[in-house]
Amino acid sequence: MASLEETSQHCNDIVESYLRLSPNESEFIKCTQDAINETKRCILDEIFCKWCPFSGEISLSYNGGKDCQVLLIVYLSCLWEYYKKGSQASFPLAELPAAFISLEECFPKLQDFIEFTAMKYHLNLYKSPLHPDKKIKMADAFDIYLNEFPRIKGILIGIRRTDPFGEKLVPIEKTDSGWPEFMRLQPILHWSLASVWSFLIYSNEPICELYSMGFTSLGKVTETDPNPYLMIENDKDHNRSNRFNWEEEHAFQNQKELNKENIESDYELVNVTETSIHTAGNQIHRDTKYYPGWYLTDDKLERCGRIKPA
Ligand code: FAD
Ligand code: MG
Ligand code: MG
């Protein structure tokens, strides 16, 4: 399996390749390139100037969703750039600090995907202990996490402005009262749903299979359905279509991955979690009742599969 160094370089290749695409190729390329550039600026010029990414001060809040996966890929790409510009003789990090707070029942397919990607992206993934007998808040879970890892000063969050309570957030800010004190690092606030899909599908990275089954936002198992706006039966006016055909057809291919050794080790990993992993640029449409999640590009409808909207 590739090291964190190689994975960061791979993510850098994906990001730089996306930035070189001609904006005329597909409708979302230009706005996604702008979004990537703004995120890169925030990470490289603001976050890395305040906290050194190689000293264990920055962690990632990771729940396997599309948003924190986009953030993770762009972050690793920036890590590579930061390393190349610096003076270190060798890549100084083996794993990226990350935390998954599992307060509620998680979809098994999502759980598998989190495990798989924690390995793939070399996350040193803390998983909050479950307390089935008492209701514990996310803020308290992070308090426990930070007591265990007191070096951490800032936590990356894949929140976007269109998320509930996301409207007034800024990229770098302290936590609110009622939360343990640390810096919230939110460099993808400005990303639209369409940009998230354009980039992820182009990246050719594996994404959680639930998205190919019509889910657009993943919450508690008992409170999340596929998005009703993606039910094929409901789409009499043919409003839904795949607007990312170009990204699928031209998805990023890393020549280095084509050597035999890597294919074999990747194959073993895929076998472990066969049911929940596939490659974003090469989707298998298994569910015939719903269009895949990326057929929906309207940010306002993203959470319509939540039975109790947050
Ligand atoms: P999602 O799209 O599901 O999540 C947005 C992002 O939140 C994800 O990309 C991921 O980075 C992170 N995240 C969500 N769920 C988990 C999880 N189970 N484990 C790990 N990461 C997860 N709210 C406040 O009102 N004040 C605060 O000061 C504050 N600080 C926060 C600090 C951190 C590190 C995090 C993760 C959240 C914080 N929140 C705070 C809550 C935040 O604003 C969102 O409400 C919360 O992330 C849930 O997002 P969502 O389900 O609406 O959207
Ligand atoms: Mg989200
Ligand atoms: Mg959530």
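Residues numbered from 1 in each chain as written. Chains lettered and ligands numbered in written order. Predicted model: local features only at pLDDT ≥ 70, side-chain atom pairs only at ≥ 80, totals over all residues. Heavy atoms only, no water.

1. Topic: the overall build of the protein
- Along the protein, the regular secondary structure elements total eight helices and eight strands.
- Per-residue burial over the protein gives 55% buried out of 310 residues.
- Sequence-distant contacts, at least 24 apart, represent 79% of the contacts inside the protein between residues at least 6 apart.
- For the protein, the exposed area adds up to about 15000 Å²; of that, 50% sits on carbon and sulfur atoms. (Helix = DSSP H or I, 4+ residues; strand = E, 2+ residues; numbered from the N terminus. Buried < 20%, exposed > 50% of the residue type's maximum accessible area, 1.4 Å probe, protein only. Contact = heavy atoms within 4.5 Å. Areas by Shrake-Rupley, 256 points an atom, 1.4 Å probe, with all protein chains shown as cover.)

2. Focus on the confidence of the model for the protein
- When the pLDDT values of the protein are averaged, the result is 89; 87% of them are 70 or greater.
- The low-confidence segment residues 281–285, where pLDDT is below 50, has 15 contacts with residues more than four positions distant or belonging to other chains. (pLDDT = per-residue confidence, 0-100.)

3. What about the pairing of strand β1 (residues 58–61)?
- In β1, alternate side chains face the same way, and those of Ile 58 and Leu 60 on one face and Ser 59 and Ser 61 on the other are all buried.
- In terms of strand pairing, β1 meets strand β4 (residues 154–156) through three bridges, oriented parallel. Each bridged residue has a counterpart across the sheet, and for Leu 60 the counterpart in β4 is Leu 156.
- Both β1 and strand β2 (residues 96–100) contribute to a ladder of two bridges, which runs parallel. Bridge pairing in β2 places Ser 61 opposite Ala 99.
- For the crossover that starts at β1, traverses helix α3 (residues 66–85) and ends in the parallel β2, the hand is right-handed. (Pairing = 2+ DSSP bridges. Right-handed = clockwise from strand over helix to strand, strands pointing away.)

4. As for the packing of helix α1 (residues 4–19) against α3
- It is the contact of α1 with α3, at a shortest axis distance of 7 Å, that shows an interaxial angle of 105 degrees. Our classification of the angle between α1 and α3 gives roughly perpendicular. Contacts from Leu 4, Glu 5, Thr 7, Ser 8, Gln 9, Cys 11, Asn 12, Val 15 and Glu 16 in α1 reach Ile 73, Val 74, Leu 76, Ser 77, Leu 79, Trp 80, Glu 81 and Tyr 83 in α3.
- For the contact of α1 with α3, the residue count by class is nine nonpolar, five polar and three charged. (Axes fitted to C-alpha atoms, helices over the stretch in contact; angles between N-to-C directions. Parallel < 35°, antiparallel > 145°, perpendicular 65-115°, else oblique. Nonpolar A, V, L, I, M, F, W, Y, C, P; charged D, E, K, R; others polar.)

5. Side note on the sheet that holds β2
- With mixed pairing, six strands are arranged side by side in an open sheet as β3-β2-β1-β4-β6-β5. For this open sheet the edge positions go to β3 (123–127) and β5 (172–174), each flanked by a neighbour on one side alone. Direction aside, the axes of adjacent strands within the sheet are offset by 30 degrees on average.
- For β5 and strand β6 (residues 183–185), the ladder comprises three bridges, and the chain directions are antiparallel.

6. Here we look at helix α6 (residues 193–203)
- Of all the 11 residues making up α6, 11 are buried; the element is thus mostly covered by neighbouring parts of the structure.
- Of the positions making up α6, those classed as buried are Leu 193, Ala 194, Ser 195, Val 196, Trp 197, Ser 198, Phe 199, Leu 200, Ile 201, Tyr 202 and Ser 203.
- Contacts from the buried residues of α6 go to α1, α2 (29–50), α3, β7 (206–208) and α7 (245–249).

7. Observations regarding the pattern of salt bridges
- Per the stated rule, a full pass over the model turns up 20 salt bridges.
- As a salt-bridge pair, Asp 34 and Lys 30 come within 2.9 Å of each other at their nearest N and O atoms. With a gap of four residues between them, Asp 34 and Lys 30 both fall in helix α2, about one helical turn apart.
- Two residues, Glu 223 and Lys 220, come together in a salt bridge whose shortest N-O distance is 3.9 Å.
- Take Lys 220: its relative accessible area is 26%, and that puts it in the partly exposed class.
- Beyond isolated ion pairs, a larger network of salt bridges with shared partners links Lys 66, Asp 67, Arg 160, Asp 299 and Glu 302. (Salt bridge = Lys/Arg side-chain N within 4 Å of Asp/Glu carboxyl O.)

8. Points about the site of ligand 1
- As a matter of local geometry, ligand 1 sits amid 20 residues, with Ser 61, Ile 101, Gly 158, Asp 176 and Arg 303 nearest to it.
- Ile 101 places a polar main-chain atom, nitrogen or oxygen, 2.7 Å from a nitrogen atom of ligand 1.
- In the environment of ligand 1, a nitrogen atom lies 2.7 Å from a nitrogen or oxygen atom belonging to the side chain of Asp 176.
- Protein chains shield 83% of the accessible area of ligand 1, which is 870 Å² for the free molecule.
- Residues that form the shell around ligand 1 fall into these classes: 12 nonpolar, four polar and four charged. (Near = heavy atom within 4 Å. Polar contact = N/O pair within 3.5 Å; in protein donor to acceptor, adjacent residues only side chain to side chain.)

9. Quick word on the side chain of Ser 61
- By secondary structure assignment, the location of Ser 61 is in strand β1.
- The exposure class of Ser 61 is buried, given its relative accessible area of 15%.
- A polar contact of 2.8 Å, which involves the side chain of Ser 61, links it to the backbone oxygen of Leu 156.
- Non-local contacts of Ser 61, meaning those with residues more than four positions away in its chain, are made with Cys 68, Ala 99, Phe 142, Ile 155, Leu 156 and Ile 157.

10. Remarks on unusual backbone geometry
- The phi torsion at His 122 lies on the positive side, around 55 degrees, for a residue other than glycine.
- Topologically, His 122 is positioned in the loop between α4 (108–120) and β3.
- Residue class for His 122 comes out buried when judged on its relative accessible area of 14%.
- Look at Asn 204: it is not a glycine, yet its phi comes out positive at around 65 degrees.
- Its location among the elements puts Asn 204 in the loop between α6 and β7.
- For Asn 204, a relative accessible area of 15% gives the class buried.

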